[in-house]
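Descriptive structure summary
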Amino acid sequence: MVGVSQEQTGAVHAAHRPTPSLRDPARASEQREDQDKRDAEREGRGSGARLRVASRRFLTSPLVLLLAFLVAMTFAVNRERIGITVSGDGLLPAASGSGTLLRSYLQEWHPVGGGTASPAAALSGLFGLLGVPFGGADHAVAVLLLAALPLAGLSAYCATHGAMLSRGQRAVLAALWALLPVGVSAGSYGRVDTLFTYILLPVVLAGVASVLRGAPAGVDSEGVGTGRSRWLSTTAATALALAVLTIASPLVYLLVVLVALVGFVLLRPAPGTGVRRAAALFFVVLLPVGLLLPWPAVLLSQPDVLLHGVGSTAGLSSFAEVHLLTLGQGVPAAAGALVVLVAVLMLIVAPTVRMLPALAMVLLGAGTAVGVAGTRRARLPDGAVVAGNPGPALILLAAGLFLILVVGLQERARRPGPDLTRRRPATVLALAVVAVLGVGAVLGGSQGGVRARPRPSLPVALESELAANGALVLSVASGDQPARLSSPALPQMGDDDLVPTPGAARRVAAWSEAIAGGGENAAAGAVAEAAAAGVGAVVLPAGSRVGGGGAEGLLADAGATSDGRAVLRTNLPARGARVLDPGLAFAARTGGRAPGATGNTAEAVSGTSPVPGAPPALGVRVSSGAEGRLLVLAAEDGAGWDVHVNGTAVAVAPAYGHLVGVALPAGSSEVTVQRSDTVRSILLLVQAGVLLFTLLLAVPPRSRRARELSPRPARPVPRQPRRRGRWSLRRGRDK
């Protein structure tokens, strides 16, 4: 029987098999049972075979093999970083739990650097949200480092979805992208901005290219039209991915916008998509800005952040022009030159005009990398002048090379004659390049200082005491690590991204330098000034000691941090708020030295009265006393402070030239100090509205096939009356 399977043949024979005699019901029942068993076995063998075939196809599909390979590479490359908490080099440890980063993102004022009203980086809010499902922001950072290779490979694989390449070719290209030296080393050295660019740039560029073409209605895997264009959902998803990328690397946002504007002018769109393209470009450019409110204001006031990136300590990356050819530094860079060589070979083998945009992207990335690495600007924590991070620009250069390979493979597939790219030598060459990149990544995996280690902490008793007093912690500079002034805890992720008040960074750096290596008088003066600003503890680098002997009487041993650094407690009064007697108040308001600068602690202790509370909100009732007293807060003076004494608004009386002070009357008084967060709250509400709007737009519409296959409620079909006088096959001609 032609075209009929064995199962169908058996079913036909079984349907015409004679029924057992009813005169022998036992025999008839046995025959029915035997037939049911044979049918069940036949159906079981068929379904089991189909299941085995489907499982084999799934397990041997290029995407599954790619992910399995990259997961294995992840554990081989990150063997030193497998843990729930990672830190080192440019990566500060993240806070345990999600509440700390989320509160920091929502707060209007931060005690970092002596106090600043700078908006927290959106990266803090992102890791705070990711920490909710992962059990903490520190766990989310560790998972991101471990999953970077598979995520980058998956991003590159998805970016080539509409490139008309075979799944095997897409998998090999994705493996090349995932093993780029600049991306692998980003996790080793703690470069968060480069890591985000490495993961998200392929899908962002693919989305930009799609919306600039007008995103015409597509077809599914079987060639059936989807029935409608998904340009709106594609545009919203691209804007959302670009916003996440901008969180860590705002420089890449500018580069992507530049690419989009040039492509809008030069790219030939599909007919009738002019308005759609203009609207898509508008959304892609402006939606990321709304999604990151109010943080973009920092970029306008501090454009140096564009060069240094977000989330990592600036000034720790090195660059040489040879890195443009090796796509990175260290051991993996030796294999990175093969990617450049393969791209050059593709230019020779399959040249086409369509490679010009890719070449322009290569030149843009190379020029940006050289310019960023050669520009030195002040970083935020201590004001030190350092070079920018060229990592994101190198990723853009690599994206141009990646696009050259994609276009070259498409061109070879279009040309008539034998396709050299499908022959065995080309396949062997591609797999050899992937293997060499993998070996280089594994050998260079131990480079860099990022390791799985517990989050360092102060002695428990000291940390509790500092938190109760509202005091701060001064971490002395060590090597490339800047001096930092943090809340009653050691510095953590997000602190380096806050913009300090003018002069605060230089002041903290001067204190650190004087305490570590200054003379006797300089060290004592630095400790006294730091204590007057609310510093209750000083953390020294490993193996170092206080520079001047005059400061030893102002500091006392308080143990060590969990990673072995010495911790010293200040013997001077250091609190979030305190009242100075008229003598000390006069010196504080007229530029005099801080109490204890001569090494004598008695004057500072006797002339200072502690006040419960700490900035930014303080409400206290002060008893009567001498005229000329001064209430001093451990907060840098700046715009936004609202001070009331007995219900009357008064101006801030700066103490020591940079701290918030309140002149007190002789009689008893009620003092309130606070800041208004109305503007920030409004901006956060706008951000939430833009996020909800973008998420709703990003939901793709239902395709035509999904609408056709969706179940519909059954409707009764009215019976048509049979016309009389017509022929019927059953009854003949009606009368």
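Residues numbered from 1 in each chain as written. Predicted model: local features only at pLDDT ≥ 70, side-chain atom pairs only at ≥ 80, totals over all residues. Heavy atoms only, no water.

Quick notes on the packing of helix α3 (residues 62-77) against helix α7 (residues 167-178)
In a pair of packed helices, the angle between the axes and the distance between the axes together describe the arrangement. Here is the rule: Helix axes are fitted only over the stretch in contact, all axes being lines through C-alpha atoms; the angle between N-to-C directions runs from 0 to 180 degrees. By definition, any uninterrupted DSSP run of H or I lasting at least four residues is a helix, any uninterrupted run of E lasting at least two residues is a strand, and each is numbered from the N terminus. Reported orientations rely on four angle classes, namely roughly parallel under 35 degrees, roughly antiparallel over 145, roughly perpendicular from 65 to 115, and oblique for the rest. Crossing chirality is assigned from the near helix's rotation relative to the far helix, an anticlockwise turn below a right angle marking it left-handed and a clockwise turn marking it right-handed. Throughout, a contact is declared for two residues whenever any of their heavy atoms are within 4.5 Å. When residues are grouped by polarity, Ala, Val, Leu, Ile, Met, Phe, Trp, Tyr, Cys and Pro land in nonpolar, Asp, Glu, Lys and Arg in charged, and all others, Gly among them, in polar.
α7 packs onto α3 with a crossing angle of 20 degrees between their chain directions and a minimal axis gap of 9 Å. By the angle between their axes, α3 is roughly parallel relative to α7. The two elements α3 and α7 meet at a crossing, and its hand is right-handed. Residues Pro62, Leu66 and Leu70 of α3 form the contact with α7, whose participating residues are Arg167, Gly168, Ala171, Ala174, Ala175 and Ala178. Tallied by class, the residues present in the contact of α3 with α7 amount to 7 nonpolar, 1 polar and 1 charged.

Considerations on the sheet that holds strand β13 (residues 630-636)
Note the cut-off: DSSP-based pairing: two strands are paired if at least 2 bridges between them are found.
Taking strand neighbours across the sheet as the criterion, the 4 strands line up as β11-β10-β13-β16 in an open arrangement whose pairing is antiparallel. The open sheet terminates on both sides in strands that have one partner only, identified here as β11 (608-610) and β16 (659-663). The sheet shows a mean angle of 30 degrees between the axes of neighbouring strands, taken without regard to direction. Taken together, the 4 bridges between strand β10 (residues 577-580) and β13 define a ladder with antiparallel strand orientation. What sits directly across from Arg578, in β13, is Val632. Running over the sheet, helix α23 (residues 582-589) touches β10, β11, β13 and β16 and is turned about 105 degrees from β10.

Quick notes on the environment of His323
Assignment of secondary structure puts His323 in helix α15 (residues 323-326). Measuring from C-alpha to C-alpha, the distance between His323 and Ala334 comes to 9.8 Å, with 11 residues separating the pair along the chain. The contact partners of His323, leaving out residues within four places of it in the chain, are Ser318, Gly328, Gln329 and Leu394.

Concerning the nonpolar core
Note the cut-off: What we call a nonpolar core is a set of buried Ala, Val, Leu, Ile, Met, Phe, Trp, Tyr and Cys residues that are connected through their side-chain atoms within 4.5 Å. Accessible area is worked out with a 1.4 Å probe on protein chains only. A residue is then buried under 20% of its type maximum, exposed over 50%, and partly exposed in between.
Phe127, Trp177, Phe196, Tyr198 and Leu201 are the most contacted members of the largest nonpolar core, which totals 115 residues. Considering each element in turn, this core owes the most residues, 14 residues, to helix α18 (residues 391-414). Not counting chain neighbours up to four residues away, the residues in contact with Phe127 comprise Leu101, Ala137, Ala140, Val141, Leu144, Phe196 and Met493. One finds Leu472, Ile515, Leu554 and Ala585 within the second-largest nonpolar core, a separate group that totals 40 residues.

What about the packing of aromatic side chains?
How two aromatic rings sit relative to each other is given by the distance of their centres and the angle of their planes. For clarity, the threshold we go by: A pair of aromatic rings is counted whenever rings of Phe, Tyr or Trp (Trp by its six-membered ring) have centres within 6.5 Å, and the orientation is called stacked for planes under 30 degrees apart, edge-to-face for over 60 and tilted otherwise.
Scanning all chains against the criterion turns up 5 aromatic pairs. A centroid spacing of 6.0 Å and a plane angle of 70 degrees characterise the contact between Trp109 and Trp641, whose relative ring orientation is edge-to-face. Of the two residues, Trp109 sits in the loop between α4 (99-106) and α5 (122-134) while Trp641 sits in strand β14 (residues 641-645), which places them 532 residues apart along the sequence. We note that Trp109, like Trp641, is buried. Their ring planes at 65 degrees and their centres at 5.7 Å tell us that Trp177 and Phe402 sit as a pair that is edge-to-face. Taken together, the residues span a long stretch of sequence, with Trp177 in helix α7 and Phe402 in helix α18 at a distance of 225 residues. Just as Trp177 is buried, Phe402 falls in that class too.

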